[in-house]
Amino acid sequence: MTGRARSLLAAATGAALLLTGTGVPSAQAGTRYGQVSTVPDFTGEVQAVAYVPAHADAEARATLKLKDPDTVERVTGWIVPPGKQRRRVTFDLRPGSATVTGKWTVAPGDPAGAWRLTAEVTRGGAPRANDLTVQVAARQAITGATVSPSPVKLVRGKDVKVSVEVKVKGSETVTAKLVAESSTAYYDLGTLARESNGVHRGVTYFGDHSPPGEWTLQVHATRGGETLRSLLSFTVTKPAAGTPAKAGARVTVGVPKRVGKGRWFRVHGKVYRDGRPYKRKKVRIYFKAVGAAKYRLAGYATTNSTGRYTRSFKAGRDGYYQVKSAGTSRTSAALSPQRLVDVR
């Protein structure tokens, strides 16, 4: 659905943008890597985090590894954007460290692409220039979003699967919520699973107890220290056969953001039924590796007397975890938000 979109006030963490389905500038943080093989004073790779921001100046940085760092007296430099004047780069040379990081400012009106970085290294009183290239990423962009089916038609005694697809350019993380306009009800999809070509997806279930009327898809796209928020409206219709037949359910989930490869970690959370702990409820824990097409069943857990569940897993690959509480004749199915685990 294309739906009705509404503009928002700019937030302190970034910009609030109007989602029209045709393409919206947005901001994010891109990391580019390049070989340093022809310069005299550096070795290894140059690692740069640099992007064109949406509305406010952003700090960019390039990290390099010095050859023979004990002989270095000073590192200075400048960078030249395509078609613009050069600007100063400040390096943080520290005694005994082979790593130096240069920092500069990128403005919203600056061009994306290859910027020419010159790092001048002084040894024995003699400065020497090292010419490098840093890729500056373009603004992130939210180019479209859909809620399917649309409208969402509730069915008495059944759960309706609702899918969200968001298309972005350059964003590192995309999260989403489905929020009712007329009540405090919402479905948190968490971190949408990133697929190819900038597509991010999430799924939840609407029980027949869900409030009918206007709902809003809230999308947050982030990169670096900048966050964009977009809204898309859709409609939920009440069951044709009268009052709800099922109690509502909700599942929370918690995972560590980063885990060392081969280490054990916990997936944990709580399950609720009509706002109260769902005791002795068996849940399924699913995992989808980054780039994979489908979730696979990773294991089971059962809630205790307070509705809590936990299960330990060994970290192998970056991926998303999601927990499902299956529906019954009296209780709706529920999916937790998706949570991403970064395996290092």
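Read on for an overview of the structure. (Residues numbered from 1 in each chain as written. Predicted model: local features only at pLDDT ≥ 70, side-chain atom pairs only at ≥ 80, totals over all residues. Heavy atoms only, no water.)

**Some remarks on the pairing of strand β25 (residues 296-302)**
Argument step 1. Two elements, strand β24 (residues 282-289) and β25, share six bridges in a ladder whose sense is antiparallel. Each residue of the ladder has a partner; that of I285, found in β25, is G299.
Argument step 2. In this structure, the hairpin formed by β24 and β25 is closed by a connection of six residues, where G291 is found at a positive phi of approximately 90°. (Pairing = 2+ DSSP bridges. Helix = DSSP H or I, 4+ residues; strand = E, 2+ residues; numbered from the N terminus.)

**A closer look at the packing of aromatic side chains**
Argument step 1. Evaluated as defined, the whole model comprises eight aromatic pairs.
Argument step 2. An angle of 50° between the planes, with centres 4.9 Å apart, marks the rings of F206 and W215 as tilted. Like W215, F206 is buried.
Argument step 3. On the numbers, 5.6 Å between centres and 80° between planes, the contact of F265 with Y321 is edge-to-face. Within this pair, whereas F265 is found in strand β22 (residues 264-273), its partner Y321 is found in strand β27 (residues 319-325), the two being separated by 56 residues in sequence. (Phe/Tyr/Trp six-rings, centres within 6.5 Å; stacked < 30°, edge-to-face > 60°. Buried < 20%, exposed > 50% of the residue type's maximum accessible area, 1.4 Å probe, protein only.)

**Here we look at the environment of R223**
Argument step 1. Summarising the element assignment, R223 is placed in strand β18 (residues 213-223).
Argument step 2. On a C-alpha basis, the gap between R223 and V174 in space is 9.3 Å, while along the polypeptide they are 49 residues apart.
Argument step 3. Looking at R223, its side chain comes within polar contact range of the main-chain oxygen of A138, at 2.9 Å. (Polar contact = N/O pair within 3.5 Å; in protein donor to acceptor, adjacent residues only side chain to side chain.)

**Quick word on unusual backbone geometry**
Argument step 1. The omega torsion across S148 and P149 is 0°, close enough to zero to call that bond cis.
Argument step 2. In this structure, P149 sits in the loop between β11 (140-148) and β12 (152-153).
Argument step 3. In this structure, the amide linkage connecting S150 to the following residue, P151, adopts the cis form with an omega of 0°.
Argument step 4. With respect to the secondary-structure elements, P151 resides in the loop between β11 and β12.
Argument step 5. With a phi angle near 60°, N197 is a residue other than glycine that sits in the positive phi range.
Argument step 6. Among the secondary structure elements, N197 is positioned in the loop between β16 (193-194) and β17 (199-206).
Argument step 7. Classification of N197 by relative accessible area gives exposed; the value is 77%.
Argument step 8. If you check the backbone angles, D274 has positive phi at about 55° while not being a glycine.
Argument step 9. Tracing the chain through its elements places D274 in the loop between β22 and β23 (276-277).

**Details of the side chain of Q140**
Argument step 1. Along the chain, the position of Q140 falls in strand β11.
Argument step 2. You can call Q140 buried: its relative accessible area is 0%.
Argument step 3. Separated by 2.3 Å, the side chains of Q140 and S171 make a polar contact.

**Points about the pattern of salt bridges**
Argument step 1. In the structure shown here, the tally under the stated rule is ten salt bridges.
Argument step 2. A salt bridge links R87 to D110; its shortest N-O distance comes to 2.8 Å. Taken together, the positions of R87 in strand β7 (residues 87-91) and D110 in the loop between β8 (99-106) and β9 (113-123) put the pair 23 residues apart, joining distant regions of the chain.
Argument step 3. The salt bridge involving E195 is made with R201; its shortest N-O contact spans 2.8 Å.
Argument step 4. The class for E195 is partly exposed, based on a relative accessible area of 24%.
Argument step 5. Three or more residues joined by partner-sharing salt bridges are found here, namely E165, E195, R201 and K288. (Salt bridge = Lys/Arg side-chain N within 4 Å of Asp/Glu carboxyl O.)

**What about the pairing of β22?**
Argument step 1. Where strand β20 (residues 249-251) lies against β22, three bridges are found, and the strand directions are antiparallel. Along β22, the bridge assignment pairs A249 with R273.
Argument step 2. Taking the residues that link successive antiparallel strands as the turn, the β22-β23 hairpin has two residues, and the phi of D274 there is positive, at about 55°.

**A few points about the environment of K324**
Argument step 1. Here K324 is to be found in strand β27.
Argument step 2. Between the C-alpha atom of K324 and that of S336, which follows or precedes it by twelve residues, the distance is 6.4 Å.
Argument step 3. Setting aside its immediate chain neighbours within four residues, K324 contacts Y205, V283, R284, Y286, A334 and L335.
Argument step 4. Within the structure, K324 has its side chain in polar contact with the side chain of Y205 (distance 3.4 Å). (Contact = heavy atoms within 4.5 Å.)

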